[in-house]
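Read off the chains here:
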Amino acid sequence: MSANTQDLQAIKYSSVIENLLASFADSSARIQKWLAQFDIENTNEPYIQEHEYLLKEIKENNRYLLDEQSEAVLATMKTTGSSAWAKYKDQLISSLKIEIDGKKYPLTEVLNMAYSPDADVRKKAYEAEVNGYGSIELGVASALNAIKGEALTVAQMRGYNSVLQRTLIDSRMQQKTLDVLLKTMKKSLPMFQKYYRLKAKALGHQNGLPWYDMYAPVVETGSDYPYDKGCDFVVEQFHSFSNDLGDYAKKAIDSHWIDVYPRENKVGGAFCSNLHCLKESRFLLNYGNQFGDVITMAHELGHGFHGYCLNQEYALNADYPMPIAETASTFCETIVKKAALKNASKNDQLFILENELCDCAQVIVDIYSRFLFESRVIEKRKEGPLSVDEIKEIMVEAQKEAYGDGLDQNYLHPYMWTWKPHYYEADYAFYNFPYAFGLLLAKGLYGLYQKEGKSFAKKYEHFLSLTGKMSLEDVGKSVGIDLQDEAFWQNSIDMISEDIDLFEQLLA
Ligand SMILES: [Zn+2]
């Protein structure tokens, strides 16, 4: 379906599978309840021991499971409840047309204008976008209210203390780990605000960066990266880390596991799908000969390598929780970016660094604002549905707290909740902090690699192989990382701080 959204057979079988999965809810509940009765601790069965974490988790989470019939009802009602609302929201967003200078554009095209080298295009696109939501805001707000309402109801029915607690349990992560992460993020905000002011100044703004220039290019780059050149670069840099990583990338490329170029009826974006059953991966890119496309390729191959490291694990131990999902990909991005920086001209260095900092700032600052926003929306939703104005106000307040004087306060974005898909998944709320977790953990791992050199590669592979059968805290411990130690997270922030200093020098 991703390779060809019009493939009728694929569409048909996809819906067959979707219905089959929903029909598993009661059997799945029955199996989990049955498993929970056993004493796993006192067994000598190696097969059971190998699945100890998973079985204990099932036992532990059994208290949040309803009876089989209720589970079946919940799963079925979800298809006409939160899932239907999310689809409705997607329809509103994908059919929205935004008018600029008398011409109508789909939202995705308008959002892309934020990257335009033309300042006028960026500003016009932002203003038209913010004004354009009026026709759909009520529908999108209804979807948000319904989905957050369902998340609250289900969390309460299942006996969770809060919606956030459910996400943390599903993430195999302790509250304390999140608290330390958020605390470090909050402490780093002034540093990122400084970056935004530097960028604002470079673009000729006096009162901080207006929202519409957040993704504006600071310099142009002449460097072109055709696919073959991109592949060679990635494979070479991966080899500099380890032969396993380099060989893996080469195999993926040579075996044509990658669907490379954009095509009619092919979905946008990029992803990697690890097929544990085949011990292979498949990749989808929309390669466009830019440096960013090389980074995306490295990112997706990083996901693939994560899957490769899990190949020798049992299938049930090969599924890892959300917060660790972006670690391997970000780690591989870092390898390639650092190498590219080393060999680049001053102009290209500035270009690469700006891209990197723009991404990091999003993942720390915007994610922090999204966490604040979602916490407050869920809290207020307990009293009843929120109005469009209330939602907008909460969003702007969250942005002010996160971006501070880094952004021009007259140009914030009250509608950032509309098209982001992350707010619209009832069974996985707070789909935001995992990004910050992944970025800072990847930076921390890269720091260890810099310190230890080549010998770190084997530890890294081992670390990835454990991600499906331990708590995140224990996975961290396997490479000597204490995820509840502020100093660990701060060290990753300091690495970004060094990049901001270099960015300042290059700008000067
Ligand atoms: Zn990814």
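Every residue gets a number counted from 1 within its own chain, in the order that chain's sequence is written. It should be noted that, the model being predicted, local features are given only for residues of pLDDT at least 70 and side-chain atom pairs only at 80 or more, the latter also being counted only at that level, while totals for whole chains, interfaces and linings use all residues. The basis for every side-chain value is the complete set of non-hydrogen atoms in the structure, without hydrogens or water.

Our next topic: helix α13 (residues 243-254). The numbering of helices and of strands both runs from the N terminus, where a helix is a DSSP run of H or I of at least 4 residues and a strand a run of E of at least 2. A helix is expected to span 1.5 Å multiplied by its residue count minus one. Here α13 is twelve residues long and its end C-alpha atoms lie 16 Å apart, about the 16 Å a rise of 1.5 Å per residue gives. Categorising residues by exposure relies on relative accessible area from a 1.4 Å probe, with only protein chains included: less than 20% of the type maximum marks a residue as buried, more than 50% marks it as exposed, and the intermediate range marks it as partly exposed. Where α13 is concerned, the buried positions are Leu245, Gly246, Tyr248, Ala249, Ala252 and Ile253. Down the axis, α13 shows its buried residues gathered within 160° of arc, on one side only. Any two residues having at least one pair of non-hydrogen atoms within 4.5 Å are treated as being in contact. Packed against the buried residues of α13 are α12 (227-241), β3 (258-259), β5 (280-284), α14 (291-309) and α16 (327-343). Phi turns positive one or two residues past the end of α13, at His256, with a value near 55°. Comment: arc refers to directions from the helix axis out to C-beta atoms.

It is the contact of α13 with α14, at a shortest axis distance of 10 Å, that shows an interaxial angle of 110°. If you check the angle between α13 and α14, you find them roughly perpendicular. Contacts from Asp244, Leu245, Tyr248, Ala249 and Ala252 of α13 reach α14 at Leu301, Gly304, Phe305 and Tyr308. Each residue gets one of three labels, nonpolar for Ala, Val, Leu, Ile, Met, Phe, Trp, Tyr, Cys and Pro, charged for Asp, Glu, Lys and Arg, and polar for the others, Gly among them. In terms of residue class, the contact of α13 with α14 is made up of seven nonpolar, one polar and one charged. Working convention: axes come from line fits to C-alpha atoms, limited for helices to the stretch in contact. Angles between N-to-C directions cover 0 to 180 degrees. Under this scheme an angle from 65 to 115 degrees is roughly perpendicular, one under 35 degrees roughly parallel, and one over 145 degrees roughly antiparallel; angles in between are oblique.

Take the sheet that holds strand β4 (residues 271-275) next. Criterion used throughout: strands pair if DSSP finds at least two bridges between them. One open sheet holds the three strands; their spatial order is β3-β5-β4, and the pairing between them is mixed. A single partner strand is all that each edge strand has here, and the edge strands are β3 and β4. Examined bridge by bridge, β3 and β5 share two bridges and lie parallel to one another. Note that in β5 the partner of Ile258 across the bridge is Phe283.

Ideal values for angles at a metal depend on the geometry: 109.5 degrees with four tetrahedral donors, 90 or 180 degrees with six octahedral donors. Coordination here is defined by N, O and S atoms within 2.8 Å of the metal (3.2 Å for Na, K and Ca), and since water is not considered, a site can look incomplete. Distances from the zinc ion to its protein donors, namely His299 (NE2), His303 (NE2), Glu326 (OE) and Glu326 (OE), fall within the range 2.1 to 2.7 Å. Bound by four donor atoms, the zinc ion shows angles of 52 to 139° at the metal and therefore irregular coordination geometry. Each donor residue of the zinc ion belongs to the same chain, with the gaps between them written as H-x3-H-x22-E. Separated by 27 residues along the polypeptide, His299 in helix α14 and Glu326 in the loop between α15 (322-325) and α16 bring together distant segments of the chain. For His299, a relative accessible area of 15% puts it in the buried group. Under the classification used here, a metal with four donors is tetrahedral if each angle lies between 85 and 135 degrees, square planar if opposite donors are over 155 degrees apart and the others between 65 and 115, a six-donor metal meeting that same test is octahedral, and anything else is irregular.

Functional significance is not addressed by these values, which are geometric in nature.
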